[in-house]
Amino acid sequence: MGYVLTNGKYYIRISPTGATEKTLDIREARIYLTTDKAKERLQKALGKTRGYYILDMETDSKYQFSHGRIKFPRETRELIYRSADGRCALCGRKLQIDDMTLDHITPLSMGGNDTLDNIQCACKACNQFKSNILPDDFMNRITEIFMYQTRKRLGDGVKWRLLQTLIK
Ligand SMILES: [Zn+2]
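Reference entry: report on the structure contained in this document. (Residues numbered from 1 in each chain as written. Predicted model: local features only at pLDDT ≥ 70, side-chain atom pairs only at ≥ 80, totals over all residues. Heavy atoms only, no water.)

### Focus on the coordination of the zinc ion
Okay, step 1: Those protein atoms acting as donors to the zinc ion are C88 (SG), C91 (SG), C123 (SG) and C126 (SG), and they sit at 2.3 to 2.4 Å.
Okay, step 2: One can describe the donor arrangement at the zinc ion as tetrahedral, given that its 4 donor atoms subtend angles of 99 to 115° at the metal.
Okay, step 3: Going along the chain, you hit the donors of the zinc ion in the pattern C-x2-C-x31-C-x2-C. Highlighted residues: C91 in the loop between α2 (74-83) and β7 (100-104) and C126 in helix α3 (residues 124-130), separated in sequence by 35 residues.
Okay, step 4: For C91, a relative accessible area of 39% translates into the label partly exposed. (Donors = N, O, S within 2.8 Å, 3.2 Å for Na, K, Ca; no water. Tetrahedral: all angles 85-135°; square planar, octahedral: opposite > 155°, others 65-115°. Helix = DSSP H or I, 4+ residues; strand = E, 2+ residues; numbered from the N terminus. Buried < 20%, exposed > 50% of the residue type's maximum accessible area, 1.4 Å probe, protein only.)

### Observations regarding the environment of D56
Okay, step 1: Its location among the elements puts D56 in strand β4 (residues 53-56).
Okay, step 2: Residue classification places D56 among the buried positions, given a relative accessible area of 8%.
Okay, step 3: In the structure, D56 is positioned 51 residues away from L5 in sequence and 9.1 Å away in space, judged by C-alpha atoms.
Okay, step 4: Those residues in contact with D56 that lie beyond four places of it in its chain are G2, Y3, S61 and Y63.
Okay, step 5: Reaching out from D56, the side chain makes a polar contact with the backbone nitrogen of E58 at a distance of 2.9 Å.
Okay, step 6: For D56, the side chain forms a polar contact with the side chain of T59, separated by 3.2 Å. (Contact = heavy atoms within 4.5 Å. Polar contact = N/O pair within 3.5 Å; in protein donor to acceptor, adjacent residues only side chain to side chain.)

### Side note on the pattern of salt bridges
Okay, step 1: Scanning the model with the defined rule gives 9 salt bridges in all.
Okay, step 2: Here R74 makes a salt bridge to D98, at a shortest N to O gap of 3.4 Å. One end of the pair, R74, is in helix α2; the other, D98, is in the loop between α2 and β7, with 24 residues separating them in the sequence.
Okay, step 3: Its relative accessible area of 44% is what places R74 among the partly exposed residues.
Okay, step 4: A relative accessible area of 60% places D98 in the exposed class.
Okay, step 5: Where D85 meets K94, a salt bridge forms, and the shortest distance between an N and an O atom there is 3.7 Å.
Okay, step 6: Classification of D85 as partly exposed rests on a relative accessible area of 47%.
Okay, step 7: Looking at K94, the relative accessible area reads 52%, which means it is exposed.
Okay, step 8: What you see here is one network of salt bridges that share partners, running through R13, E21 and E28. (Salt bridge = Lys/Arg side-chain N within 4 Å of Asp/Glu carboxyl O.)

Printed below as a string of structure tokens:
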């Protein structure tokens, strides 16, 4: 059980002075207990770890990165998809697994991490729309947009006042 950094040939080991080095011998590789820890090392030594990915030694799953973001393996994506009943967590639409994007509930840019409890299934449009907004702020924003657009459509009449009462 554990994760190593590899490019398929070399493995990353850490010298006694803490430097990032490569080795052909997996027995010398540094073993990380979480993908987060392994990712930290990848980011700390970006130059030396170019082309390296995280390998789960137990399942042989690869965790690759694009633009500093983790790319989950197929099995993990399927698990997330199934546990969401194949629906976008934001708008509720049914998705094909290939159309699913993984949304960070608390965005990475706001201190969220790559653990599964911070990941939800979302359609691309919702994910892009939510972008770097915290869940609560996002909900407030959606409500604001909905109220503003509805008011523009309905005017200040009875329907609008009824709707306001319903939402509060
Ligand atoms: Zn959606």
